Amino acid sequence: MRFVFLGLPGAGKGTQARVLSERLGIPQISTGDTLREAVQEGTALGIEARTFMDRGEYVPDGIMVRMVDERLHDADASKGFILDGFQRTVPQARALEEVLGQAGTPLDAVVQFLIGDVTAIRRIIGRSTCPACKRTYHQEWSPPADDSLCDADGTPLEKRSDEDALTVKRRLAVYREQTQPLEAFYAERDVLRAVDAEAPVAVVSARMFDALRDVL
Ligand code: ADP
Ligand code: AMP
């Protein structure tokens, strides 16, 4: 099964991708996590990507398409995958369509998580992330049991470098300019499933499963 998750930063794509990944036993592929690892390791990709990420802008399509094409060839993706954060532009969507079309494995569904700007900003400003397992927490809605440590592995949680108020606003604007057109792109292909994501995590999960019931 092959899924793409769409939605504003903070919509809960990562949170719900983890739930679906655990249920279906297919990998969650987060391009944001892969890029942050490259930044951490100081690779050439990381050094180039960081300048865009810290400004709240997108990393160029050529880099992203190569990165995802390689990842989809890994053995664990052969049974299916959840793409969380890719694609974000129409050229990326066309490139993915071509790669999957050649392999005869089209997308089953594109799930769009819907939230308003105010919720997006509150969710991102309050988010902290475990650098080891990538779980996210929220200071108001899902705080870790022990102050600032990951519940799963005890690693100190971190704030991302693109989570300040100014960068978040830029990211919302970039989403509107470059990612919103994908809604029409996928609606035309009849794979788009909208989920109202302004609700607690468990409620959004139930809505997601309901929206996908005919393909699961
Ligand atoms: P995205 O991957 O779309 O950027 P995340 O899954 O990282 O979003 O979620 C953003 C923040 O909001 C995280 O701190 C997460 O814990 C929190 N969060 C996610 N879904 C919900 C929800 N339904 N209700 C409240 N907080 C949520
Ligand atoms: P995320 O973790 O999904 O919020 O992504 C964090 C940042 O990584 C984004 O703001 C972009 O700078 C970059 N990024 C992640 N995925 C993509 C993509 N598909 N295309 C371009 N840039 C991306």
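This structure is a prediction, so every number in the text was calculated from the model and none was measured.

Asks: Can you walk me through the overall build of the protein in this structure?
Replies: Scanning the protein from N- to C-terminus turns up nine helices and seven strands. In terms of overall dimensions, the protein is globule-like: its C-alpha atoms have a radius of gyration of 16 Å, near the 17 Å expected for 216 residues. Overall, the C-alpha framework of the protein stretches about 45 × 40 × 35 Å when taken along its three principal axes. When burial is assessed residue by residue, the protein has 44% of its 216 residues classed as buried. Once local pairs closer than 6 in sequence are excluded, the contacts in the protein between residues at least 24 apart make up 69%. Accessible area of the protein: about 10700 Å², with a carbon and sulfur share of 53%. Side chains of the protein give 27 positive and 34 negative charges; the mean places of these two sets differ by 2 Å.

Asks: What am I meant to see in the site of ligand 1 here?
Replies: In the vicinity of ligand 1 lie 19 residues, with Lys13, Thr15, Arg127, Tyr137 and Ala199 positioned nearest. Measuring from an oxygen atom of ligand 1, one finds a backbone N or O atom of Gly12 at 3.0 Å. Gly14 places a polar main-chain atom, nitrogen or oxygen, 2.9 Å from an oxygen atom of ligand 1. Burial of ligand 1 by the protein amounts to 92% of the accessible area it has alone, namely 560 Å². Split by residue class, the shell around ligand 1 holds nine nonpolar, seven polar and three charged.

Asks: Got a minute to help me understand the pattern of salt bridges in this structure?
Replies: Opposite charge on two side chains makes pairing possible when the charged atoms of those side chains draw close. This model, assessed by the stated rule, comprises 19 salt bridges. Residue Glu57 pairs with Arg170 through a salt bridge whose shortest N-O separation is 3.3 Å. Here Glu57, found in the loop between α3 (44-54) and α4 (61-72), pairs with Arg170, found in helix α7 (residues 165-179); they are 113 residues apart in sequence, far enough to count as distant. Taking relative accessible area as the criterion, Arg170 reaches 30% and is therefore assigned partly exposed. For Arg213, the salt bridge identified is with Asp210, shortest N-O distance 3.0 Å.

Asks: Where do I start with unusual backbone geometry in this structure?
Replies: The residue after Phe86, namely Gln87, is reached through a cis peptide bond having omega 0 degrees. Looking at the element boundaries, Gln87 is found in the loop between β3 (81-84) and α5 (90-103). Even without glycine at this site, Asp190 takes up a positive phi of about 65 degrees. Tracing the sequence through the fold places Asp190 in the loop between α8 (181-188) and β7 (192-196).

Asks: Please explain the packing of aromatic side chains as it appears in this structure.
Replies: How two aromatic rings sit relative to each other is set out by the distance from centre to centre and by the angle between their planes. Summed over the entire model, instances satisfying the criterion amount to two aromatic pairs. On the numbers, 5.0 Å between centres and 65 degrees between planes, the contact of Phe5 with Phe113 is edge-to-face. Of the two residues, Phe5 sits in strand β1 (residues 2-7) while Phe113 sits in strand β4 (residues 109-114), which places them 108 residues apart along the sequence. What makes Phe113 buried here is its relative accessible area of 2%. On the numbers, 5.0 Å between centres and 85 degrees between planes, the contact of Phe185 with Tyr186 is edge-to-face. Each member of the pair, Phe185 as well as Tyr186, carries the same accessibility label: buried. Positioned above the aromatic ring of Phe209, the side-chain terminus of Arg23 is 3.9 Å from the ring centre. Directly above the aromatic system of Phe185 lies the positively charged group of Arg189, at a separation of 3.6 Å from the ring centroid.

About the cut-offs
Within each chain, residue numbers correspond to sequence positions counted from 1 in written order. Chains carry letters and ligands carry numbers; both start at the beginning, A for chains and 1 for ligands, and go up in the order they are written. Reporting of local features is limited, given that this is a predicted model, to residues whose pLDDT is at least 70; pairs of side-chain atoms are given and counted only at 80 or more, and all residues count toward the totals for whole chains, interfaces and linings. With hydrogens and water set aside, each side-chain value is computed from the structure's full complement of heavy atoms. Secondary structure elements are taken from DSSP: a helix is a run of H or I of four residues or more, a strand is a run of E of two residues or more, and numbering for both begins at the N terminus. Computation of the radius of gyration draws on C-alpha atoms, with the globule rule given as 2.2 Å multiplied by the number of residues to the power 0.38. Only protein chains enter the accessibility calculation, which uses a 1.4 Å probe; a residue is then buried when its area is under 20% of its type maximum, exposed when over 50%, and partly exposed in between. Contact definition: two residues touch when any of their heavy atoms are within 4.5 Å. Areas reported as accessible are Shrake-Rupley estimates using a 1.4 Å probe. Residue values count occlusion only from the protein chains shown. His is not counted, nor are the chain ends, whereas Lys and Arg count as positive and Asp and Glu as negative. By convention, the charge on Lys lies at NZ, on Arg at CZ, on Asp at CG and on Glu at CD. Whether a residue is near a molecule or strand depends on its heavy atoms: if one lies within 4 Å, it is near. Pairs of N or O atoms are called polar contacts if they sit within 3.5 Å, as long as, within protein, a hydrogen donor faces a hydrogen acceptor (for residues adjacent in sequence, only side-chain-to-side-chain pairs). For this scheme, ten residues count as nonpolar: Ala, Val, Leu, Ile, Met, Phe, Trp, Tyr, Cys and Pro. Four count as charged, namely Asp, Glu, Lys and Arg, and the remainder, Gly too, count as polar. In what follows, salt bridge is the name for a side-chain nitrogen of Lys or Arg lying within 4 Å of a carboxyl oxygen of Asp or Glu. Only centres within 6.5 Å qualify two rings of Phe, Tyr or Trp (six-membered ring in Trp) as a pair; their planes then separate them into stacked at under 30 degrees, edge-to-face at over 60, and tilted for everything else. Either the NZ atom of lysine or the CZ atom of arginine qualifies as a charge over a ring when it sits within 6 Å of the ring centre and within 35 degrees of the ring normal.

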